[in-house]
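In case you want the letters, here they are:
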Amino acid sequence: MASGGNDAKFFTRGKIQEFKAELQDAAKGKDKKFVKRKTVLKKIVANITMGNDMSQMFPEVIQCLPIPMLEIKKMVYLFLVSYGRVRPDLIERALPHFIADCEDRNPLIRALAIRTMSYIPLPSVLSALVEPLRHSLKDSDPYVRKTAAICVAKIYLVDHRIVERERFIDNLKELLKDANPTVVANSVAALTEIADRSDTIVLKFPYSLALKLVAALENCSEWGQIYILDSLLNYVPQTSDEATVMTERIVARLQHSNSAVVLTVIKVLLYLMNYIESKQSNDYLCKKMGPPLEVDIDFVRKAVRSIGRLAIKISSAADPCIKVLLELVDSKVSYVLQEAVVVIKDILRRYPDQYDSVIPILCENMNSLDEPEAKAAIIWIIGQNAQKIENADELMDTLTYTFLEEAVEVQLALLTATVKLFIQKPQEGQKLLPKVLKWATEEVDNPDLRDRGYMYWRLLSNDAAAAKDIVMGDRPPVNTDTDRMELGALDQLLLHTGTLGSIYHKTPETFIRYAKGKALKDSPALNATSRRALISLPTGGPPKPVSTAALVPPIPQSIRDMQSEARSPPPSATGSTMAQAQQAAPLGAEDDLLSPSEAEYTGGPSRKGTVDSDISQDKPALPPKSNDPYAGLDSAFGGYVADQPKPVGGRPGEFDDLLL
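Because the structure is predicted, anything quoted here is derived from the model rather than measured.

J.: Could you clarify how one ought to interpret the overall build of the chain in this entry?
T.: Counting its regular elements, the chain contains 34 helices and two strands. Across the 660 residues in the chain, those meeting the buried criterion constitute 47%. With an accessible surface of roughly 33900 Å², the chain has 53% of that area assigned to carbon and sulfur atoms.

In structure tokens form, the structure reads like this:
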């Protein structure tokens, strides 16, 4: 169908009657190699792409189904996918052709037929698809098998009762042992999708199956690797040796060129490290996951700030953190040096008089600082510790030379540091202070800076002793209370590495309506540190999606009457009228359009017993209504302010296309 730029001529608005006449003439006359019908179908598909309604062409297009040409079948099937749901009365005519194509000798046509049928969520089509799909899951061609695996997930989204009644999950489990890696990857993707949508199905992979999945990574596509790697979170190591072997098998994927693969590998490694007892092995994995400093400047800055927060949060780690930060200062890399200075300033505030030896090193690199935040940090250090620095007045004189050209942040720091210098060393600071105060109050337009200048001026003029108590008084200690998380929260977040949860710093179930929670699972191999933070999730699944009718409440009759009188002056709305309008609108509905509950299921076996030990099922319980341990953690990772997440609307992934 792709013939380069020649297809551009088909993208012109056509008339339905003309298309019908051309198809009818081609069917009656001699259409050698079906060239005429192929041309007309291209025009129809092009009009569908442009948004033109071609549903009236349904009878004529269906007549092209028997044509034994793959390119024509693709276009006809695309038409049926587009309009099959809106013309259920005519889709019945296509069912015999669907069934025939499912038995075609060409595997591409067989796969195309079952895939198209799974895209049309009509009871008649799904009923006709059951037997062809059963045969396709055991087809001799791997392309058909991998397509059939995804079709099972599609059917589950529409009506899970069909999948359970026909025991298609058992067929997917058998495909996990398939010799073709792509089939394995699609089977994993389908099972994962089904488990995410189900409130009773839980995937549990044994060690032997996990090894087989890892072995299939070598010959999978990039997205296939992502699905397989992500599914390894369903494997719970029973011994430390098992977890170590798994990490050895997948650590080489960190060198992959696809960033999504690398992020998924990191997520799995972080998960498996909870089950490894050897500290040496965990340190090795951390080094493998740590990129060099030259990779990304923003990443380097956040890494340096994380070192500083670690020193502030854990006092026993302050000494090694200071040592590392001084090494970064010695590197002379500009952005690393400036971040290190900012971080060390906070450490000096947290531990006063404990790391004074680093101040001369920072002052030596003062001229290399050109960013406002770094300049403000070194100015604060000099002003706060002027009594300990012999040439503090010379350093401040140098820094104030460009006072009027500096950013407001730096000017504020210079003003305060100059006052501190005068308070601690009156003789050295008495020449510099009037000059800075004059600049701040007379030659600067910023009101904050000017007001602070006047405040210092009057304070020093009236009572210098009081000024010392105020300016050099005790300051609140630097702490990381805003970084605190509930026990086990960080382990949960790490299981969502590479997702929106890692951006919002919240687990997906707290801001996505149908998402399932993840948590570490208990095991004899779980190390002591992870066991202390072990938490359990609510046994209930995600909340059922509400009916679309509940999302768009009907318009009350009183509102309809008001709309009919739109031209006339509207009557005044009373409180009782508004209350009646609110009562008329339903607030919710219990019916589930995508996954009917078992109470609605009247035939076939129940969900119990459809899976074996690899996929266990638990009786669901209602999840707690309000249990968000991550509230207020937007600044938990470097002062990053995330957008407030909102729950998504609509039904999730009604016809998601996976690995097709």
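J.: Even after reading the chapter, I still don't get the environment of Pro 59, so can you show me in this structure?
T.: Structurally, Pro 59 is set in helix α3 (residues 58-62). Separated by 32 residues in sequence, Pro 59 and Ile 91 have C-alpha atoms that sit 9.3 Å apart. In this structure Pro 59 touches Leu 90 and Arg 93, once residues within four positions along its chain are discounted.

J.: Could you clarify how one ought to interpret the pattern of salt bridges in this entry?
T.: In total, this model carries 28 salt bridges according to the counting rule given. Lys 42 is the salt-bridge partner of Glu 71, the closest N and O atoms lying 3.8 Å from each other. Of this pair, Glu 71 sits in helix α4 (residues 70-83) while Lys 42 sits in helix α2 (residues 35-49); the two residues are 29 residues apart in sequence, bridging distant segments of the chain. By the burial criterion, Glu 71 is buried, and Lys 42 matches it. Across the pair Asp 353 and Lys 388 runs a salt bridge whose closest N-O atoms are separated by 2.5 Å. Taken together, the residues Asp 353 in the loop between α20 (334-350) and α21 (359-364) and Lys 388 in the loop between α22 (372-384) and α23 (392-399) connect sequence positions 35 residues apart. A residue is classified by how much of its surface remains accessible, and Asp 353, at 59% relative accessible area, is exposed. We classify Lys 388 as partly exposed; its relative accessible area is 44%. Residues joined by salt bridges that share partners form a network here, namely Arg 301, Arg 305, Glu 339, Glu 371 and Glu 373.

J.: Would you mind showing me how to read helix α27 (residues 447-462) here?
T.: Given 3.6 residues per helical turn, the α-helix brings residues three or four places apart onto the same face. Between its terminal C-alpha atoms α27 stretches 22 Å, which fits the 22 Å expected from 16 residues at 1.5 Å a residue. Of the positions making up α27, those classed as buried are Leu 449, Gly 453, Tyr 456, Leu 459 and Leu 460. Take α27 and look down its axis: the buried residues cluster within an arc of 140°, on one side only. Along α27, the residues that are exposed and aim more than 90 degrees away from the buried face are Arg 458, Ser 461 and Asn 462. Buried-residue contacts for α27 involve α24 (408-424), α26 (432-442) and α28 (464-471). For α27, the capping residue at the N-terminal end is Asn 446, with a side-chain oxygen 3.0 Å from the backbone nitrogen of Asp 448.

J.: Hey, could you run me through α24 in this one?
T.: Taking 1.5 Å as the rise per residue, α24 with 17 residues should run 24 Å; its terminal C-alpha atoms sit 24 Å apart, in good agreement. Most of α24 is tucked away, with 14 of its 17 residues classed as buried.

J.: What is the right way to read the packing of aromatic side chains from this model?
T.: For any pair of aromatic rings, geometry is given as the distance between the ring centres together with the angle between the planes. Taken as a whole and assessed by the stated rule, the structure comprises eight aromatic pairs. With 5.0 Å between their ring centres and 55° between their planes, Phe 79 and Tyr 83 make a pair best called tilted. With Phe 79 and Tyr 83 both in helix α4 and four residues apart, this pair spans about one turn of that helix. Across the pair, exposure class does not vary: Phe 79 and Tyr 83 are buried alike. Each ring, one from Phe 403 and one from Trp 439, has its centre 5.6 Å from the other, and the planes form 25°; the classification is stacked. A residue pair is termed long-range when its members are at least 10 positions apart, and Phe 403 in the loop between α23 and α24 and Trp 439 in helix α26 qualify at 36 residues. The exposure classification of Phe 403 matches that of Trp 439, with both residues buried.

J.: Which parts of the structure should I look at to understand the confidence of the model for the chain?
T.: The predicted coordinates of low-pLDDT regions are not to be read in fine detail. Overall, the prediction assigns the chain a mean pLDDT of 79, with 79% of residues at 70 or greater. With pLDDT under 50 throughout, residues 566-660 is counted as low confidence; its partners more than four residues away or in other chains account for 180 contacts.

J.: Would you explain the nonpolar core in this entry?
T.: Note that soluble globular proteins tend to have their nonpolar side chains buried in a common cluster. Of all hydrophobic cores here, the largest spans 103 residues; its most connected members are Ile 44, Phe 79, Leu 80, Leu 133, Leu 172 and Ile 250. Contact partners of Leu 133, with chain neighbours within four places excluded, come to Ala 148, Cys 151, Val 152, Ile 155 and Phe 168. Counting 68 residues, the second-largest nonpolar core is a separate cluster that includes Val 341, Val 358, Leu 433 and Val 444.

J.: Honestly, unusual backbone geometry in this entry has me stumped. Any pointers?
T.: Most of the time, phi is negative for any residue but glycine, and the peptide bond is trans. Backbone geometry places Lys 332, a non-glycine residue, at a positive phi of 65°. Its relative accessible area of 54% is what places Lys 332 among the exposed residues. The phi dihedral of Asp 353 is positive, around 65°, even though this residue is not glycine.

J.: Which parts of the structure should I look at to understand the packing of α4 against helix α6 (residues 95-102)?
T.: When two helices pack together, their arrangement is given by the angle between the helix axes and by the axis-to-axis distance. The N-to-C vectors of α4 and α6 enclose an angle of 135°; their axes lie 13 Å apart at closest approach. With respect to α6, the axis of α4 lies oblique. For the pair α4 and α6, the sense of crossing is left-handed. When α4 is examined against α6, the residues Lys 73, Tyr 77 and Leu 80 are found in contact with a partner set consisting of His 97, Phe 98 and Asp 101.

J.: I tried to follow the environment of Leu 421 on my own but got confused; where do I start?
T.: For Leu 421, the location among the structural elements is in helix α24. The class of Leu 421 is buried, set by a relative accessible area of 1%. For Leu 421, the contacting residues outside a window of four places in its chain are Ala 386, Ala 392, Asp 393, Met 396, Pro 426, Gly 429 and Leu 432.

J.: Sorry, what's going on with the environment of Phe 422 here?
T.: If you trace the backbone, Phe 422 turns up in helix α24. Judged by relative accessible area, Phe 422 falls into the partly exposed class, the value being 23%. Residues Phe 422 and Leu 460 lie 38 residues apart in sequence; the distance between their C-alpha atoms is 9.9 Å.

About the cut-offs
- Residues numbered from 1 in each chain as written.
- Predicted model: local features only at pLDDT ≥ 70, side-chain atom pairs only at ≥ 80, totals over all residues.
- Heavy atoms only, no water.
- Helix = DSSP H or I, 4+ residues; strand = E, 2+ residues; numbered from the N terminus.
- Buried < 20%, exposed > 50% of the residue type's maximum accessible area, 1.4 Å probe, protein only.
- Areas by Shrake-Rupley, 256 points an atom, 1.4 Å probe, with all protein chains shown as cover.
- Contact = heavy atoms within 4.5 Å.
- Salt bridge = Lys/Arg side-chain N within 4 Å of Asp/Glu carboxyl O.
- Expected span 1.5 Å × (residues − 1).
- Arc of directions from axis to C-beta.
- Polar contact = N/O pair within 3.5 Å; in protein donor to acceptor, adjacent residues only side chain to side chain.
- Phe/Tyr/Trp six-rings, centres within 6.5 Å; stacked < 30°, edge-to-face > 60°.
- pLDDT = per-residue confidence, 0-100.
- Core = buried A, V, L, I, M, F, W, Y, C linked by side-chain atoms within 4.5 Å.
- Axes fitted to C-alpha atoms, helices over the stretch in contact; angles between N-to-C directions.
- Parallel < 35°, antiparallel > 145°, perpendicular 65-115°, else oblique.
- Left-handed = near helix turned anticlockwise from the far one by under 90°.

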